[in-house]
Amino acid sequence: MRKIQILSNNALKIIAAIAMVIDHVGLLFFPKIAIYRIIGRIAFPIFAYMFAEGSYYTRNKLKHFLFLLLATVLTQIGYFIGTQSYYASIFLVFFVSLILIRLFDYVLCYYNQDKKFLCATFIGLLLSSLVGVYFLTYYTDIFSQNYGFFGIIIPFILYIIKRIFNEQFLMIGTLIFLLGLRLILDHSIYMEYAFLSIIPLIFYNGERGKLKLKYFFYFFYPIHLLILYGIFYLMYLK
């Protein structure tokens, strides 16, 4: 099996980034042509999987948290200015997921240290956060464009699988289950094509890749949106 696992973390993120750009091009310029949106459905599951991986391997968890917070705030402001919409950017989705991930880390940490009170406290915080996220996503439209509740939960659950079992194909199986559950409970247009993301993930070799592109993708997301929306406004809203 290792012979076919030829795609690095970087390669998968590049695939997801290309799919995301195609999706947004279709959304803005060719809304009636389905193939753009179909290709775009593979982007989020791959990014969610890689986000879970990155959250596991990052050495400086505080730096990672603060950097994502800053990126989220700046991108969300720009997103609102550009679209006059309160919809969540993908950074906000992943940031909420990261909060759940770090709460889970504290639960495991204090459980392993046999600190029952602190462990119970963070279990309570984690469960309260999950309930809050559920009501926030299902009773508001903020996260509706990015998988809703499942957009936040998918990276979180994949991280749990990674942290406890560290088994790639168990993570992929879990992702398939969550995508299927999302499809059954809250079907949206072209959502069934998200399963195509499993194909490149099967080829993931668990390695980062030669280039250090960690922060490149954080900048790529807002920049590509800025460019596409700029072109859109120049073409249609002169």
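In what follows, the structure referred to is the one given above.
As the structure is a prediction and not an experimental result, all values here were calculated from the model. (Residues numbered from 1 in each chain as written. Predicted model: local features only at pLDDT ≥ 70, side-chain atom pairs only at ≥ 80, totals over all residues. Heavy atoms only, no water.)

### Here we look at the overall build of the protein
1) Next: Regarding its fold elements, the protein presents 10 helices and 0 strands.
2) Next: Sequence-ordered secondary structure for the protein, helices as α and strands as β, is α-α-α-α-α-α-α-α-α-α.
3) Next: For a compact globule of 238 residues, the expected C-alpha radius of gyration is about 18 Å, and the protein comes in at 18 Å, within 12% of that figure.
4) Next: The buried share of the protein, reckoned over its 238 residues, is 47%.
5) Next: For the protein, the proportion of contacts with a sequence separation of at least 24, taken over those separated by at least 6, is 73%.
6) Next: With an accessible surface of roughly 13,100 Å², the protein has 71% of that area assigned to carbon and sulfur atoms. (Helix = DSSP H or I, 4+ residues; strand = E, 2+ residues; numbered from the N terminus. Rg over C-alpha atoms; globule rule 2.2 N^0.38 Å. Buried < 20%, exposed > 50% of the residue type's maximum accessible area, 1.4 Å probe, protein only. Contact = heavy atoms within 4.5 Å. Areas by Shrake-Rupley, 256 points an atom, 1.4 Å probe, with all protein chains shown as cover.)

### Side note on helix H5 (residues 90-112)
1) Next: Between its first and last C-alpha atoms H5 spans 33 Å; for 23 residues at 1.5 Å apiece the expected length is 33 Å, and the two agree.
2) Next: Among the 23 residues that make up H5, 18 are buried, leaving the element largely enclosed by the rest of the structure.
3) Next: Once H5 ends, the next one or two residues include aspartate 114, with phi positive near 60 degrees. (Expected span 1.5 Å × (residues − 1).)

### What about the packing of helix H3 (residues 43-57) against H5?
1) Next: The contact between H3 and H5 brings their axes to 11 Å, and the two run at 40 degrees. What the angle tells us is that H3 and H5 run oblique. As H3 packs across H5, the resulting crossing turns out to be right-handed. In this structure, H3 uses Phe44, Phe47, Ala48, Phe51 and Ser55 to contact H5, whose residues at the interface are Ile90, Val93, Phe94, Leu98, Ile101 and Arg102.
2) Next: Of the residues belonging to the contact of H3 with H5, the class tally is 9 nonpolar, 1 polar and 1 charged. (Axes fitted to C-alpha atoms, helices over the stretch in contact; angles between N-to-C directions. Parallel < 35°, antiparallel > 145°, perpendicular 65-115°, else oblique. Left-handed = near helix turned anticlockwise from the far one by under 90°. Nonpolar A, V, L, I, M, F, W, Y, C, P; charged D, E, K, R; others polar.)

### Structural notes on helix H7 (residues 148-164)
1) Next: In this model, H7 (17 residues) spans 25 Å end to end at C-alpha, consistent with the 24 Å of a helix rising 1.5 Å per residue.
2) Next: Of all 17 residues that make up H7, 14 are buried, and the element is covered over most of its length.
3) Next: Just downstream of H7, asparagine 166 is the residue with a positive phi angle, here 50 degrees.

### Quick notes on the pattern of salt bridges
1) Next: A complete count under the given rule lists 5 salt bridges for this structure.
2) Next: Lysine 162 serves as the salt-bridge partner of glutamate 53, at 3.0 Å between the closest nitrogen and oxygen. Of this pair, glutamate 53 sits in helix H3 while lysine 162 sits in helix H7, and the two are 109 residues apart along the sequence.
3) Next: A relative accessible area of 6% means that lysine 162 is categorised as buried.
4) Next: The shortest N-O distance in the salt bridge between aspartate 105 and arginine 163 comes to 2.4 Å. Placement of the pair is aspartate 105 in helix H5 and arginine 163 in helix H7, with a sequence separation of 58 residues. (Salt bridge = Lys/Arg side-chain N within 4 Å of Asp/Glu carboxyl O.)

### Re the packing of aromatic side chains
1) Next: Scanning the model with the defined rule gives 28 aromatic pairs in all.
2) Next: Taken together, the ring pairs connect Phe67, Phe91, Tyr215, Tyr218, Phe219 and Tyr221 into an aromatic cluster. (Phe/Tyr/Trp six-rings, centres within 6.5 Å; stacked < 30°, edge-to-face > 60°.)

### Focus on the environment of lysine 210
1) Next: By the secondary structure assignment, lysine 210 is in the loop between helix H9 (198-202) and helix H10 (216-236).
2) Next: Sequence separation of lysine 210 and isoleucine 154 is 56 residues, and the distance between their C-alpha atoms is 27 Å.

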